[in-house]
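The primary structure of each chain is shown beneath.
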Amino acid sequence: MALRRTTKSKLYRYSVYVVLLAIAVWAIASTDWAKIGPLFFNPEIAAKMFPGIITTALVNTLWFTAVAFAGGLLLGVVLALMKLSTIAPFRWLATVWIELFRGLPAILTIFGIAFILPIALGVPGTKLGGPVVLGLIGLILVASAYMAETIRAGIQAVPKGQTEAARSLGMSPMKTTFWIIVPQGFRIIIPPLTNEFVLLLKDTSLLFVAGSFIWSKELTNFARDASTQNTNATPLIMAAILYLIVTIPLTRFSAYLERRMSRQR
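This text gives an overview of the structure that appears in the document.

On to the overall build of the protein chain, then. What the protein chain contains, in helices and strands, is 11 helices and zero strands. Order of helices (α) and strands (β) in the protein chain, N terminus to C terminus: α-α-α-α-α-α-α-α-α-α-α. Against the 2.2 N^0.38 benchmark of 18 Å for 265 residues, the protein chain shows a C-alpha radius of gyration of 24 Å, more extended than a compact globule. Residue burial in the protein chain is summarised as follows: out of 265 residues, 36% are buried. Put simply, of all contacts in the protein chain between residues at least 6 apart along the chain, 78% involve residues at least 24 apart.

Pasting the structure below:
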């Protein structure tokens, strides 16, 4: 007797559940927790990391992310408008900028801004703000390239009728762009911009390449130094947990926004 399609679907789904459960049980049972515990989940070492891992590392990570996001967003708007401009040199400049900083690994951009730029300008890095500022500038440049493409896509997604309606009311092209098109474009790209914030949050770990001070360490750098001092990986696990505490709500919020905007459309 042939099974119904719904029955086959349920059997397949339950089979997948059983297999995944069996793999999870096997992984838990075969893990040597007696060795892993002291090396990766040492409560004494974890306790020593407080409150510094919160008051210094996590705060710095969030602060660096906010600065890089704000700077990248402002620069990204300019680049997106330049790429959509009718003036060819503006489009060429924006395209070169976007392709350059999207094509280079972020760590190389940060390294170049922190060390090559001061030499090229003949100015010591300390006079340009030091390693933290220079590293943040590099991160802003990377973020601006990605955000520019996201913003451009959002602006182009706004129906052309909005532009025509604004112009018919006597608004100038510039006012139409900044008061009608750009706000509607941003409404469309809120979810991908939230994802970009999450990516920047993790990319702050690359700032170590520019150097740092004790007061300016972000989560990964802070945890790495603590792990080296204690010859134990518990600080890295603590940093990973804090990253997840911040990023998971943000990714869920982004998914919620996508669903909400999809229903509205």
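For the structure on display, the rule yields five salt bridges. Across the pair Glu 149 and Lys 83 runs a salt bridge whose closest N-O atoms are separated by 3.1 Å. Taken as a pair, Glu 149 in helix α7 (residues 130-157) and Lys 83 in helix α4 (residues 52-83) lie far apart in primary sequence, 66 residues in all. In this structure, Glu 149 and Lys 83 share a single accessibility class: buried. Look at the salt bridges and you will find they share partners, linking Lys 83, Arg 102, Glu 149 and Arg 152 into a network.

Another point: the side chain of Ser 254. Among the structural elements, Ser 254 can be located in helix α11 (residues 234-264). When neighbours within four sequence positions are excluded, Ser 254 is seen to be in contact with Pro 191, Thr 194 and Asn 195.

Here we take up the packing of α4 against helix α9 (residues 173-203). Between α4 and α9, the least distance of the axes is 11 Å, while the angle of their chain directions is 140°. Judged by the sense of rotation from one axis to the other, the crossing of α4 with α9 is right-handed. Of the residues in α9, those in contact with Thr 61, Leu 62, Thr 65, Ala 66, Ala 68, Phe 69, Leu 73, Val 77 and Leu 81 of α4 are Thr 177, Phe 178, Val 182, Phe 186, Leu 193, Phe 197, Leu 200 and Leu 201. Of the residues belonging to the contact of α4 with α9, the class tally is 14 nonpolar, three polar and no charged.

Using the criterion set out here, one finds four aromatic pairs in the structure. Between Tyr 14 and Tyr 17, the aromatic rings sit 6.4 Å apart at their centres with planes inclined by 50°, giving tilted as the arrangement. In this pair, Tyr 14 and Tyr 17 are both assigned in helix α1 (residues 5-30), three residues apart and thus about one turn of the helix distant. Tyr 14 sits in the partly exposed class, given a relative accessible area of 46%. Residue Tyr 17 is classed as partly exposed on the basis of its relative accessible area, which comes to 48%. A cation over an aromatic ring shows up here: Arg 13 above the ring of Tyr 14, its NZ or CZ 5.7 Å from the ring centre.

This next bit is on unusual backbone geometry. A cis amide bond links Phe 50 with the next residue in sequence, Pro 51, at an omega value of 0°. Mapped onto the elements of the fold, Pro 51 is located in the loop between α3 (43-48) and α4. Positioned with a positive phi, Thr 231 is a non-glycine residue whose angle comes to about 45°. Mapped onto the elements of the fold, Thr 231 is located in the loop between α10 (219-230) and α11. The exposure class assigned to Thr 231 is exposed, which follows from its relative accessible area of 70%.

Core analysis: the largest hydrophobic core is formed by 31 residues, its most contacted members being Ala 68, Ile 110, Leu 136, Met 147, Ile 151 and Leu 200. Mapped onto this core, the elements with two or more residues apiece are α4, α6 (106-121), α7 and α9. Broken down by element, this core gets its largest block of residues, 12 residues, from α7. Residues in contact with Met 147, not counting those within four places in the same chain, are Phe 69, Gly 72, Leu 73, Leu 193, Glu 196 and Leu 200. One finds Ala 57, Leu 58, Phe 222 and Leu 242 within the second-largest nonpolar core, a separate group that totals 13 residues.

The next thing to look at is the packing of α4 against α7. α7 packs onto α4 with a crossing angle of 45° between their chain directions and a minimal axis gap of 5 Å. Taken as axis vectors, α4 and α7 run oblique relative to one another. By crossing handedness, the relation of α4 to α7 is classed as right-handed.

Definitions and limits used
Residues numbered from 1 in each chain as written. Predicted model: local features only at pLDDT ≥ 70, side-chain atom pairs only at ≥ 80, totals over all residues. Heavy atoms only, no water. Helix = DSSP H or I, 4+ residues; strand = E, 2+ residues; numbered from the N terminus. Rg over C-alpha atoms; globule rule 2.2 N^0.38 Å. Buried < 20%, exposed > 50% of the residue type's maximum accessible area, 1.4 Å probe, protein only. Contact = heavy atoms within 4.5 Å. Salt bridge = Lys/Arg side-chain N within 4 Å of Asp/Glu carboxyl O. Axes fitted to C-alpha atoms, helices over the stretch in contact; angles between N-to-C directions. Left-handed = near helix turned anticlockwise from the far one by under 90°. Nonpolar A, V, L, I, M, F, W, Y, C, P; charged D, E, K, R; others polar. Phe/Tyr/Trp six-rings, centres within 6.5 Å; stacked < 30°, edge-to-face > 60°. Lys NZ or Arg CZ within 6 Å of the ring centre and 35° of its normal. Core = buried A, V, L, I, M, F, W, Y, C linked by side-chain atoms within 4.5 Å. Parallel < 35°, antiparallel > 145°, perpendicular 65-115°, else oblique.

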